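Analysis of the macromolecular model
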Amino acid sequence: TASFVPALLFNFVGQVSGLLGPGVLVRLVIGRYHRPREEVRVFLLIDLRGSTQIATRLGDLHYHAFLSRFISDVTASVVRYRGEVHRYVGDEVILTWTAEQGLRSAGCVRAVFAISDTLEATGTAYEADFGVVPSFWAGLHLGPVVTGEVGTIKHEIAFLGDTLNTASRIQQASKELKRQFLASAAVISALDLPSDIASESLGRIELRGVEGAVGLFAMTRVAARSTTL
């Protein structure tokens, strides 16, 4: 029928967009990053806590289902704050914003607590299906990158520079320091932190593979104070 081809094309475009991530297909088609450009971006790295132990306990097939649900919950929580999925690397999710989008209303910070809320709300279901409730480590950083298309047979948008590497090291430091959510001074100094979120300065810390010490903050949510009449 006449409507079959448009429907097939629409479905195909939807599948490709799903593989590349929301908005990425459009940017590739219009050639936004055909020529590399300098940008300032926010990067958020979310890493599943205790993944090796969970995988051993569940087995590969069951762990795949667990990881798939975890990634889905992380992604849905961040997309609400206009974050983009850059890449899935094993049990890690790399998310990004332009500086303008990520800093607006501290969306890049709020996104992390939205993930926590989602996992807490669905904890009973995780426990019933897998016998474990996921938690995570998070690292947040802001800085300059060169953004451009790479690849021939398979195209993708790549971010070059030290910013993403530093974000990765911050996320690793969250494990070492036993602080669930660490953010760099570059991010904290660039936004207005909401009153319900607190930042604790940990000073300038040397990170492996990063030149120079990086100012880090441990991020927590402030419990609402009860009022009495």
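Our subject is the structure that appears above.
Residues numbered from 1 in each chain as written. Predicted model: local features only at pLDDT ≥ 70, side-chain atom pairs only at ≥ 80, totals over all residues. Heavy atoms only, no water.

Digging into the overall build of the protein chain
Tallying secondary structure elements over the protein chain gives 9 helices and 8 strands in all. Within the protein chain, the proportion of its 229 residues that are buried is 45%. At a minimum sequence separation of 6, the contacts of the protein chain that also span at least 24 residues come to 69%. Looking at the protein chain as shown, the accessible area adds up to about 12900 Å², and 57% of this sits on carbon and sulfur atoms. (Helix = DSSP H or I, 4+ residues; strand = E, 2+ residues; numbered from the N terminus. Buried < 20%, exposed > 50% of the residue type's maximum accessible area, 1.4 Å probe, protein only. Contact = heavy atoms within 4.5 Å. Areas by Shrake-Rupley, 256 points an atom, 1.4 Å probe, with all protein chains shown as cover.)

Examining the nonpolar core
By size, the foremost hydrophobic cluster in this structure holds 43 residues, and its most contacted members are Ile-46, Phe-70 and Val-109. Leaving out residues up to four positions away in the same chain, Phe-70 has contacts with Ile-46, Leu-48, Asp-91, Leu-119, Tyr-126, Pro-134, Ser-135 and Phe-136. (Core = buried A, V, L, I, M, F, W, Y, C linked by side-chain atoms within 4.5 Å.)

Looking at helix H4 (residues 60-79)
Between its first and last C-alpha atoms H4 spans 28 Å; for 20 residues at 1.5 Å apiece the expected length is 28 Å, and the two agree. Residues of H4 that are buried: Tyr-63, Phe-66, Leu-67, Phe-70, Ile-71, Asp-73, Val-74, Thr-75, Ser-77 and Val-78. (Expected span 1.5 Å × (residues − 1).)

Considering unusual backbone geometry
Although it is not a glycine, Arg-82 adopts a positive phi angle of roughly 65 degrees. One can find Arg-82 in the loop between H4 and strand E2 (84-89). By relative accessible area, Arg-82 is classed as exposed at 51%. The phi dihedral of Ala-106 falls on the positive side, at around 55 degrees, and the residue is not glycine. Position of Ala-106 among the secondary structure elements: in the loop between helix H5 (99-103) and helix H6 (107-121). For Ala-106, a relative accessible area of 0% puts it in the buried group.

Some details on the side chain of Thr-118
Note on placement: Thr-118 falls in helix H6. Beyond its immediate chain neighbours, meaning those up to four positions away, Thr-118 contacts Asp-73, Ser-77 and Arg-80.

What to know about the packing of H4 against H6
Between H4 and H6, the least distance of the axes is 8 Å, while the angle of their chain directions is 135 degrees. Here H4 lies oblique to H6, going by the angle between them. Where H4 crosses over H6, the handedness of that crossing is right-handed. Mapping the contact onto sequence places Phe-70, Asp-73, Val-74, Ser-77 and Val-78 in H4 and Ala-111, Ala-114, Ile-115, Thr-118 and Leu-119 in H6. Class assignment of the residues belonging to the contact of H4 with H6 gives a composition of 7 nonpolar, 2 polar and 1 charged. (Axes fitted to C-alpha atoms, helices over the stretch in contact; angles between N-to-C directions. Parallel < 35°, antiparallel > 145°, perpendicular 65-115°, else oblique. Left-handed = near helix turned anticlockwise from the far one by under 90°. Nonpolar A, V, L, I, M, F, W, Y, C, P; charged D, E, K, R; others polar.)

Examining the pattern of salt bridges
Under the defined criterion, the tally for this structure stands at 7 salt bridges. With its nearest N and O atoms 2.8 Å apart, the salt bridge here joins Lys-175 to Asp-47. Note that Lys-175 is positioned in helix H8 (residues 162-176) and Asp-47 in strand E1 (residues 37-48), a separation of 128 residues in sequence. A relative accessible area of 6% means that Asp-47 is categorised as buried. (Salt bridge = Lys/Arg side-chain N within 4 Å of Asp/Glu carboxyl O.)

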